[in-house]
Amino acid sequence: MTKVLVVDDDFMVAKLHSRYVSATDGFTVVGVAHSGGEALRAAERLRPDLVLLDIYLPDMDGIAVLRELRAAEERDGGRAGVDALFITAARDAGVVRAALRAGALHYLIKPFSRAALQEQLRHVASLRSRLAVLDEARQEDVDQIFGTRPPGARSLPKGLAPHTAELVASILRAHPAGLSATECAEAGVLSRVSARRYLEHFAETGRAEVTLRYGGTGRPERRYRWI
């Protein structure tokens with residue numbers, strides 16, 4: 001489970017975000033903080049894997065909080081690093097740049113949907129799982145880690161619909177061993193041609209991998225697995 005610390009000065013917003021996190025497979029909320037100082041103390045005590053950070057806090061801004069967390073990691077060489085996802089109404093480009101330079105994984109601007117946050121959380125989980133199994137990174141590994149973004153962050157090619165893309169993505173995530181276009185079509189009540197278009201799109205954008213299964217005569221079967 002990925003342990004999450006939710007930081008927001010608004011009690012109701014923090015409660016809502018915590019509910020979104022708790023409803024995402026593989027994530028659990030270990031703490032909630034409503035100020036920068038409280039966030040730093042909670043991070044020291046709870047050692048979360050991920051912090052959802054607001055920019056606007058009553059005592060210090062979220063970027064300063066992240067910098068303090070990074071400084072604590074440098075002082076304690078045995079301390080595991082924490083990832084950060086900013087969730088804020090701050091739209092100033094300078095703030096976005098500062099968040100990026102402080103080491104944030106991503107930046108969500110309020111208001112946003114539950115699906116948008118959960119897609120970012122799944123992106124975090126994907127990055128963490130990839131890095132966990134790498135001993136030595138190849139350039140293609142690095143390109144995927146730094147270049148991959150969740151479906152909601154990209155425009156789809158002409159002819160592909162966002163709701164169908166999310167349906168196919170959810171089917172892929174529900175079948176970690178992989179499945180064929182025919183199996184995907186049956187699970188989503190889609191045509192095989194339509195399912196394959198979305199599957200190939202995910203493969204081309206680095207979110208799914210394709211393997212070939214040989215058997216009998218004819219062309220090998222293409223099988224897709226969500227990364």
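Relative to the elements of secondary structure, Glu200 occurs in helix H9 (residues 192–204). Residue Glu200 is classed as buried on the basis of its relative accessible area, which comes to 18%.

Another aspect to go through is the nonpolar core. Most often, soluble globular proteins have nonpolar side chains that are buried together. Counting 23 residues, the largest nonpolar core has Val7, Val51, Leu53, Ile63, Leu66 and Phe86 as its most contacted members. For this core, the secondary-structure elements that each account for two or more residues are strand S1 (2–7), helix H2 (36–46), strand S3 (50–53), helix H3 (62–75), strand S4 (83–88) and helix H4 (93–102). Take this core: its biggest share by element is four residues, from H3. Setting aside residues no more than four positions away along its own chain, Phe86 makes contact with Leu53, Asp54, Ile55, Gly62, Ile63, Leu66, Ala99, Ala104, His106, Tyr107 and Leu108. Judged by nonpolar contacts, the second largest core, of 17 residues, contains Val168, Ala169, Ile171 and Ala185.

Here helix H5 (residues 114–132) spans 27 Å end to end across 19 residues, near enough to the 27 Å set by a 1.5 Å rise per residue. Turning to H5, its buried residues are Leu117, Gln118, Glu119, Gln120, Leu121, His123, Val124, Ser126, Leu127 and Arg130.

Scanning the entire structure with this criterion turns up two cavities of 30 Å³ or more. Together, Val6, Val7, Asp8, His17, Leu52, Leu53, Asp54 and Ile87 line the second largest cavity. Class assignment of the residues belonging to the lining of the second largest cavity gives a composition of five nonpolar, one polar and two charged.

Aromatic rings in a pair are described by how distant their centres are and how their planes are angled relative to each other. On inspection of all chains with the given rule, the structure shows two aromatic pairs. Ring centres 6.1 Å apart and planes at 40° place the aromatic pair Phe86 and Tyr107 in the tilted group. In this pair, Phe86 sits in strand S4 while Tyr107 sits in strand S5 (residues 106–109), placing the two residues 21 residues apart along the sequence. Of the two residues examined, Phe86 and Tyr107, each falls in the buried class. Ring plane angle 80° and centroid distance 5.3 Å describe the contact between Phe202 and Trp226, whose orientation is recorded as edge-to-face. With Phe202 in helix H9 and Trp226 in strand S8 (residues 221–226), the pair connects residues that are 24 residues apart, well separated along the chain. You'll find Phe202 and Trp226 in the same group, each marked buried. Sitting over the face of the ring of Trp226, Arg173 holds its NZ or CZ atom 5.3 Å from the ring centroid.

The next point concerns the sheet that holds S4. Read across the open sheet, the five strands follow the order S2-S1-S3-S4-S5; overall the sheet is parallel. A strand with exactly one partner marks an edge of an open sheet, and here the two such strands are strand S2 (27–33) and S5. Taking each pair of neighbouring strands and ignoring which way they run, the sheet shows an average axis angle of 20°. Where helix H1 (residues 11–22) meets the sheet, it contacts S1, S2, S3 and S4, and its direction lies at approximately 165° from that of S2.

What the three strands build is an open sheet, ordered S6-S8-S7; its pairing is antiparallel. Of all the strands in the sheet, the pair left with one neighbour each is strand S6 (179–180) and strand S7 (208–213). Helix-sheet contacts for helix H7 (residues 162–173) involve S6, S7 and S8, and the interaxial angle to S8 is about 90°. On top of the sheet, H9 reaches S6, S7 and S8; it is set at about 60° to S8, its chief contact.

To continue, consider the pattern of salt bridges. All told, the structure shown has 14 salt bridges when counted by the stated rule. Across the pair Arg213 and Glu221 runs a salt bridge, and its minimum N-O distance is 2.9 Å. Given the relative accessible area of 28%, Glu221 is considered partly exposed.

As a further point, take the packing of H7 against helix H8 (residues 181–188). For the pair H7 and H8, interaxial distance at closest approach is 10 Å and the crossing angle is 115°. Regarding the angle of H7 to H8, the classification is roughly perpendicular. When the axes of H7 and H8 are compared, the crossing they make is right-handed. On the side of H7, the interface is formed by Leu167, Val168 and Ile171, while H8 contributes Cys184, Ala187 and Gly188. Looking at side-chain class alone, the contact of H7 with H8 contains five nonpolar, one polar and no charged residues.

The rules behind these values
Residues numbered from 1 in each chain as written. Predicted model: local features only at pLDDT ≥ 70, side-chain atom pairs only at ≥ 80, totals over all residues. Heavy atoms only, no water. Helix = DSSP H or I, 4+ residues; strand = E, 2+ residues; numbered from the N terminus. Buried < 20%, exposed > 50% of the residue type's maximum accessible area, 1.4 Å probe, protein only. Core = buried A, V, L, I, M, F, W, Y, C linked by side-chain atoms within 4.5 Å. Contact = heavy atoms within 4.5 Å. Expected span 1.5 Å × (residues − 1). 1 Å grid on protein atoms, 1.4 Å probe; cavity = no way out; pocket = protein on both sides within 12 Å on 5 of 7 lines; lining within 4 Å. Points joined across faces, edges and corners; volume = space filled by probe spheres on them. Nonpolar A, V, L, I, M, F, W, Y, C, P; charged D, E, K, R; others polar. Phe/Tyr/Trp six-rings, centres within 6.5 Å; stacked < 30°, edge-to-face > 60°. Lys NZ or Arg CZ within 6 Å of the ring centre and 35° of its normal. Pairing = 2+ DSSP bridges. Axes fitted to C-alpha atoms, helices over the stretch in contact; angles between N-to-C directions. Salt bridge = Lys/Arg side-chain N within 4 Å of Asp/Glu carboxyl O. Parallel < 35°, antiparallel > 145°, perpendicular 65-115°, else oblique. Left-handed = near helix turned anticlockwise from the far one by under 90°.

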